Amino acid sequence: GQNIDQPTEMTATEGAIVQINCTYQTSGFNGLFWYQQHAGEAPTFLSYNVLDGLEEKGRFSSFLSRSKGYSYLLLKELQMKDSASYLCAVTPNDYKLSFGAGTTVTVRA
Amino acid sequence: DGGITQSPKYLFRKEGQNVTLSCEQNLNHDAMYWYRQDPGQGLRLIYYSQIVNDFQKGDIAEGYSVSREKKESFPLTVTSAQKNPTAFYLCASSIEGASGEQYFGPGTRLTVT
């Protein structure tokens, strides 16, 4: 089976930085995705990492270390609208994604 | 506008009834997926289809059935054999299987009493 772990909840202040960690143990690895999901809504794509290193996209960055089975999503200059669940997902093969349980981030004023 | 539609947004059924959830996409994507989401849990894959007239079981296919007769459509039937059908159901599609970004529909919240 696939095992993907991420913290359940995190709280941070508006304007701050938050780092959401994700560790995985999967039968294969073809890439790692981060999705954002607001309550009751569909997930939306944030980032994709397939090689080691940091990918930066505006206020959001994602890092991958394949040898350690580890990724993180970094959210900078937090805004109230960033309050959401963040889902880490790994594709162990070409056909499907395995998702972690998600990390609920609450941004406080 | 291109996208994925799911209908209805909310669905209520009595126990013992089969119910079919609709999923349509006009993105010209080959791959389509059905997920189930329960509180405090991640998305779990029910069924997926890489191409028309072909589909595969995901991790929790028992009690569900699908069809893929058209590229645009991938309906999911929740049968009476599904022991805990109340959940949030999400449909997704992608251009190139799981290595590509998946686009999600708005979801259907099914409640069975």
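Structure: above.
Read on for an overview of the structure.

Calculation criteria
- Residues numbered from 1 in each chain as written.
- Chains lettered and ligands numbered in written order.
- Predicted model: local features only at pLDDT ≥ 70, side-chain atom pairs only at ≥ 80, totals over all residues.
- Heavy atoms only, no water.
- Helix = DSSP H or I, 4+ residues; strand = E, 2+ residues; numbered from the N terminus.
- Buried < 20%, exposed > 50% of the residue type's maximum accessible area, 1.4 Å probe, protein only.
- Disulfide = S-S within 2.5 Å.
- Salt bridge = Lys/Arg side-chain N within 4 Å of Asp/Glu carboxyl O.
- 1 Å grid on protein atoms, 1.4 Å probe; cavity = no way out; pocket = protein on both sides within 12 Å on 5 of 7 lines; lining within 4 Å.
- Points joined across faces, edges and corners; volume = space filled by probe spheres on them.
- Nonpolar A, V, L, I, M, F, W, Y, C, P; charged D, E, K, R; others polar.
- Contact = heavy atoms within 4.5 Å.
- Polar contact = N/O pair within 3.5 Å; in protein donor to acceptor, adjacent residues only side chain to side chain.

Things to note about the overall build of chain A
The secondary structure content of chain A amounts to zero helices and 11 strands. Seen in sequence order, chain A has helices and strands lined up from the N terminus as β-β-β-β-β-β-β-β-β-β-β. Its C-alpha atoms put chain A at 40 × 30 × 20 Å along the principal axes. In chain A, which comprises 109 residues, the proportion classed as buried is 48%.

Regarding the state of the cysteines
Counted by the stated rule, this structure contains two disulfides over all chains. Between the sulfur atoms of A:Cys22 and its disulfide partner A:Cys88 the distance amounts to 2.0 Å. On the S-S bond that ties A:Cys22 to A:Cys88, the torsion sits near -70 degrees, and the link is left-handed. Highlighted residues: A:Cys22 in strand S3 (residues 18–25) and A:Cys88 in strand S9 (residues 84–90), separated in sequence by 66 residues. In this structure A:Cys22 comes out as buried when scored by relative accessible area, which is 0%. The disulfide bridge from B:Cys23 ends at B:Cys91, spanning 1.9 Å between sulfur atoms. The sign of the S-S torsion, about -70 degrees, decides the handedness of the disulfide formed by B:Cys23 and B:Cys91: left-handed. Of this pair, B:Cys23 sits in strand S3 (residues 19–25) while B:Cys91 sits in strand S9 (residues 87–94); the two residues are 68 residues apart in sequence, bridging distant segments of the chain.

Considering the pattern of salt bridges
Considering all chains together, one arrives at seven salt bridges over all chains under this definition. For A:Asp52, the salt bridge goes to A:Arg66, with nearest N and O atoms at 3.0 Å. With A:Asp52 in the loop between strand S5 (44–49) and strand S6 (53–57) and A:Arg66 in the loop between strand S7 (60–65) and strand S8 (70–75), this residue pair connects regions lying 14 residues apart in the sequence. Taking relative accessible area as the criterion, A:Asp52 reaches 44% and is therefore assigned partly exposed. The exposure class assigned to A:Arg66 is partly exposed, which follows from its relative accessible area of 41%. A salt bridge links B:Asp38 to B:Arg36, with the shortest nitrogen-to-oxygen separation between them at 2.8 Å. Here B:Asp38 falls in the buried class, since its relative accessible area comes to 12%.

Structural notes on the layout of surface pockets
Approximately 460 Å³ is the volume found for the largest pocket. As for the largest pocket, its lining consists of 20 residues, and the residues nearest its centre are A:Gln37, B:Gln37, B:Asp38, B:Pro39 and B:Gly40. Listed by contribution, the elements that provide at least two residues to the lining of the largest pocket are S9 of chain A together with S9 of chain B. For the lining of the largest pocket, the element with the highest residue contribution is S9(A), accounting for three residues. Each residue belonging to the lining of the largest pocket can be placed in one class, and the counts come to seven nonpolar, 11 polar and two charged.

A few points about the interface of chain B and chain A
Counting residues at the interface gives 24 residues for chain B and 20 residues for chain A. The interface formed by chain B and chain A contains one salt bridge. One salt bridge in this structure joins B:Asp59 and A:Lys96, with 3.2 Å as the shortest N-O distance. At the junction of chain B with chain A, the criterion picks out four residue pairs in polar contact (both at pLDDT 80 or more). Mapped onto the side of chain B that touches chain A, the elements with two or more residues apiece are strand S4 (31–37), strand S5 (43–51) and S9 of chain B. Tallying contributions element by element places S5(B) first for the side of chain B that touches chain A, with four residues.

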